[in-house]
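Structure at a glance
As a plain string of letters, each chain reads:
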Amino acid sequence: MKFIYLLGSTGSIGMQTLEVVKKYKNEFKLIGCSLGTDDKKNMNILDEFQPEIASLRYRNQMDNYVDKYPNTKFVYGDHGLIQISQYPKKGLLINALSGSVGLKPTIEAIKTYKDIALANKETLVMAGDIVNQYVRQYNVKLYPIDSEHSALWQTIDHENKDYIKKMVITASGGSFRDLNRSQLKDVTIKEALKHPNWVMGAKITIDSATMMNKGLEVIEAHHLFNLDYENIETVLHKESVVHGLTYFIDGTIKAALSISDMKIPIAYALFYPKRIKHPNDLELNDLSFKPMDYERYPLLRLAFKVGKKGGLLPTVMNAANEAAVWLFLNEKISFLEIEDIVFDYVNRFDNVEEPTLDQIIATDQIIQDEIYKKY
Ligand code: MG
């Protein structure tokens, strides 16, 4: 029986993870999870999985739960996420939180010797060097759940890293891929949230439309696979069938293909190195690849630049983007203003090399607060 912790249970990745865990309940036991604001959804999870510890979003939710579930210990808020991470039983922690709030729980889970399956990109974008250091120090495993990185991981399993020439991450182009830049001026939230291939949370769907998501994934890949940015590329691939390709020095290219179903990378991380059955096969059809258009997607070009510079800059870019996307989703700014805000903060920032974890977390907070106050 494998012990499982799940942060972000009620989100898109969280719910799909629970489906896998439920289907294979003889192999997994959910020890701890963080819940959301929807009581019905939360209680369904508690009834089904009866975790030992659960974290609620807000303190005022506590009364509704404590008496009803006497066998579960309840905690709440951002500190509750830390308490789940630090729970003193080893296991695999799946971090499916959205945003910078995911960083600290990852670190705390590693420090209590838990393996990590990571769907939270921000963990590596903000603090990849520090996270990798902890992973080595505590000798735990770090598995990607992001579909592109899961694909790349599968292409290099049992391969000698010295033979890798470069890695290519595919991008669907997001919900506005058929629009040019001048057509982006008046797009609405509803239009932005319609991703052509994937059903995902709101934040990541907007990030796909701006291509910031691919930028974060490039930085994520740099840290996961210890690759220089010169050896990471992105390509437009509107079918979302090929998720990642690795080029080897002998001219061979290995790619991983699958249908667009996040349960595939989730199950791969949960069961690794075992594979389990999936009901649907991919039907092979025409596939198209186009060079990335950096004029059309300036945030992706920025992410390469920011990633190369490193230090605190990736945190600044991520924080500005996170706040800007929230503002867009709450109808405070237009779609293109997301880019303006991110560029403004990155361009104005005096970088700090080799920041501490506390500096990273403080910078994220300061920038996000400042942007929320301004608009
Ligand atoms: Mg992805």
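You'll find the structure just up there.
Let me begin by describing the structure that accompanies this report.

Definitions and limits used
Residues numbered from 1 in each chain as written. Predicted model: local features only at pLDDT ≥ 70, side-chain atom pairs only at ≥ 80, totals over all residues. Heavy atoms only, no water. Pairing = 2+ DSSP bridges. Helix = DSSP H or I, 4+ residues; strand = E, 2+ residues; numbered from the N terminus. Contact = heavy atoms within 4.5 Å. Axes fitted to C-alpha atoms, helices over the stretch in contact; angles between N-to-C directions. Buried < 20%, exposed > 50% of the residue type's maximum accessible area, 1.4 Å probe, protein only. Core = buried A, V, L, I, M, F, W, Y, C linked by side-chain atoms within 4.5 Å. Parallel < 35°, antiparallel > 145°, perpendicular 65-115°, else oblique. Left-handed = near helix turned anticlockwise from the far one by under 90°. Donors = N, O, S within 2.8 Å, 3.2 Å for Na, K, Ca; no water.

**Some words on the sheet that holds strand β12 (residues 290–291)**
- As summarised here, the arrangement of the 5 strands in space is β11-β10-β8-β9-β12, forming an open sheet in which the pairing is mixed. The two strands at the open ends of the sheet, each matched to only one other strand, are β11 (253–257) and β12.
- Taken together, the 5 bridges between strand β8 (residues 164–171) and strand β10 (residues 242–248) define a ladder with antiparallel strand orientation. Within the sheet, the bridge partner assigned to methionine 167 lies in β10 and is threonine 246.
- Across the sheet, helix α10 (residues 212–225) lies against β8 and β9 (232–236), angled at about 150° from β8, the strand it touches most.

**Describing helix α9 (residues 202–210)**
- Summarising burial for α9: 7 of the 9 residues are buried, a large majority.
- Along α9, the residues that are buried comprise Lys203, Thr205, Ile206, Asp207, Ser208, Ala209 and Thr210.
- Tucked inside the fold, the buried residues of α9 contact α6 (122–137), α8 (189–192), α10, α12 (298–309), α13 (313–329) and α14 (335–348).
- Taken from the residues just after α9, methionine 211 is the one with a positive phi, measuring 70°.

**Points about the nonpolar core**
- If you look at the biggest cluster of nonpolar residues, it comprises 91 residues, and the most contacted ones within it are Ile145, Leu270, Met317 and Phe335.
- Ranked by residues supplied to this core, first place goes to α13 with 10 residues.
- Non-local contacts of phenylalanine 335, meaning those with residues more than four positions away in its chain, are made with Phe176, Leu184, Val187, Ile206, Ala209, Thr210 and Phe328.
- Counting 29 residues, the second-largest nonpolar core is a separate cluster that includes Leu93, Ile110, Val140 and Ile360.

**Quick look at the packing of α10 against α12**
- The N-to-C vectors of α10 and α12 enclose an angle of 25°; their axes lie 8 Å apart at closest approach. As summarised for this structure, α10 and α12 are arranged roughly parallel, according to the angle between their axes. Handedness of the crossing formed by α10 with α12: right-handed. Every residue of α12 that contacts α10 at Met212, Lys214, Gly215, Val218 and Ile219 is listed here: Leu299, Leu300, Ala303, Phe304 and Gly307.

**Comments concerning the side chain of histidine 223**
- Along the polypeptide, histidine 223 turns up in helix α10.
- Apart from residues lying up to four places away in sequence, histidine 223 is in contact with Leu124, Gly128, Asp129 and Asn132.

**Points about the coordination of the magnesium ion**
- Distances from the magnesium ion to its protein donors, namely Asp146 (OD), Glu148 (OE) and Glu217 (OE), fall within the range 2.1 to 2.2 Å.
- All donors of the magnesium ion come from a single chain, and their spacing in sequence reads D-x1-E-x68-E. Taken together, the positions of glutamate 148 in helix α7 (residues 147–156) and glutamate 217 in helix α10 put the pair 69 residues apart, joining distant regions of the chain. Accessibility assignment for this pair places glutamate 148 and glutamate 217 in one class, buried.

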